[in-house]
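# Coordinates in review
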Amino acid sequence: MRNTLPKVATVALTAGALLLTAVPASATTSATASAAAAQAEPFSVFDVSVKAPKKVKAGGKISYTVIAQNKGPHYADYYFLGGQFPKGIDLKKVYYRSSVKGTECELDGRALYCFIPKVVEKGEAIAMIFDVRLTKKARGTQTARLGIVSYDVQTGMEDMSKEELDRLGIPVHGYAKTVKTKVVR
C-alpha cells in the first residue's frame, strides 16, 4: 500500500507522541488508572532498526525502512511508528508504505507517526517504509530520528482516545534510532 499524506496536518505532537482527534472514551475507574500508573516495566520493549542511504543528491529520494521487534514481555496493540524527518525534506513529497490495511499516518511539521491496526506478539516485528524527497537546496548531513512509541494499554481501554490515555497517566515508551544521510552534489 502506498499513500501520500495530506498537505495540512490535523494533529499535534507532544513529547514525541501523536495526539489523535478525540473519540468517545469508555468509562474507567480510578482503580484502573492507579493500576496503570503503578506499572513500572513496559508491557512491550522494542528493538528498533532503521535503514537509510548514507549519501544522496540534493533533490533526491531517501527511503527509510523502520523495523520494530517486540521483545516482550507482552504483545503490543497500541503503538505508533514514525518520528522526526530531516530539515531538508520536501513536505509535499512524503509517502509511506505498509502491508497492514487500515494504517493511518499524520504529518505535523517534519514529524510523522502512523497508527498500525495490528497486534505485534512477543518475538514478532512490524515494519514500514517512509519515502521522502529532499529539496534541491538541501545540503550537509540530513538527520532523522525514527522508531516506535508504545502505550501500556490495559484490557478494556483499547477504544480510548490518546488524550484520555494521557489524562489517566497511561505509561508511554519510545524506542528510536538516529540515522544520518549526507547530501552530495
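I will try to describe carefully the structure that is included in this document. Treat the numbers as computed from the prediction; the structure is a model and nothing was measured.

## A word on the state of the cysteines
- Per the stated rule, a full pass over the model turns up 1 disulfide.
- Between the sulfur atoms of Cys105 and its disulfide mate Cys114 the distance is 1.8 Å. Taking the sign of the S-S torsion, about 110 degrees here, the bridge from Cys105 to Cys114 comes out right-handed.
- On the basis of relative accessible area, Cys105 is assigned to the buried category, the value being 7%.

## Re the sheet that holds strand β13 (residues 172-184)
- Spatial ordering of the open sheet is given by β5-β13-β12-β7-β10-β9, a layout of 6 strands whose pairing is mixed. Every interior strand has two partners, whereas the edge strands, β5 (55-57) and β9 (104-108), have only one. Between one strand and the next, the sheet's axes are offset by a mean angle of 25 degrees, whatever the strand orientation.
- Where strand β7 (residues 79-84) lies against strand β12 (residues 141-151), 6 bridges are found, and the strand directions are antiparallel. Bridge assignment links Leu81 to a residue of β12, and that residue is Ile148.

## A closer look at the nonpolar core
- Core analysis: the largest hydrophobic core is formed by 34 residues, its most contacted members being Tyr64, Ile126, Phe130 and Ile148.
- Setting aside chain neighbours within four positions, we find Tyr64 in contact with Val50, Lys51, Ala52, Phe85, Pro86, Met128, Ile129, Phe130, Val132, Ala144, Leu146 and Val179.
- Counting 11 residues, the second largest nonpolar core, distinct from the first, contains Tyr151, Met157, Leu165 and Ile170.

## Remarks on the environment of Tyr79
- Among the structural elements, Tyr79 can be located in strand β7.
- Each C-alpha atom, one on Tyr79 and one on Val119, is 9.4 Å from the other, the two residues being 40 residues apart in sequence.
- Those residues in contact with Tyr79, other than ones at most four positions away along the chain, are Cys114, Phe115, Ile116, Lys118, Val120, Ile126, Ile148, Val149 and Ser150.

## What about unusual backbone geometry?
- Following Gly72, the chain continues to Pro73 via a peptide bond in cis, the omega torsion being 15 degrees.
- Summarising the element assignment, Pro73 is placed in strand β6 (residues 61-73).

## Topic: the pattern of salt bridges
- In the structure shown here, the tally under the stated rule is 3 salt bridges.
- Asp131 is the partner of Arg97 in a salt bridge, and the nearest nitrogen-oxygen pair spans 3.0 Å. Of this pair, Arg97 sits in strand β8 (residues 89-97) while Asp131 sits in strand β11 (residues 125-134), placing them 34 residues apart in sequence.
- On the basis of relative accessible area, Arg97 is assigned to the partly exposed category, the value being 31%.

Conventions adopted
- Residues numbered from 1 in each chain as written.
- Predicted model: local features only at pLDDT ≥ 70, side-chain atom pairs only at ≥ 80, totals over all residues.
- Heavy atoms only, no water.
- Disulfide = S-S within 2.5 Å.
- Buried < 20%, exposed > 50% of the residue type's maximum accessible area, 1.4 Å probe, protein only.
- Pairing = 2+ DSSP bridges.
- Helix = DSSP H or I, 4+ residues; strand = E, 2+ residues; numbered from the N terminus.
- Axes fitted to C-alpha atoms, helices over the stretch in contact; angles between N-to-C directions.
- Core = buried A, V, L, I, M, F, W, Y, C linked by side-chain atoms within 4.5 Å.
- Contact = heavy atoms within 4.5 Å.
- Salt bridge = Lys/Arg side-chain N within 4 Å of Asp/Glu carboxyl O.

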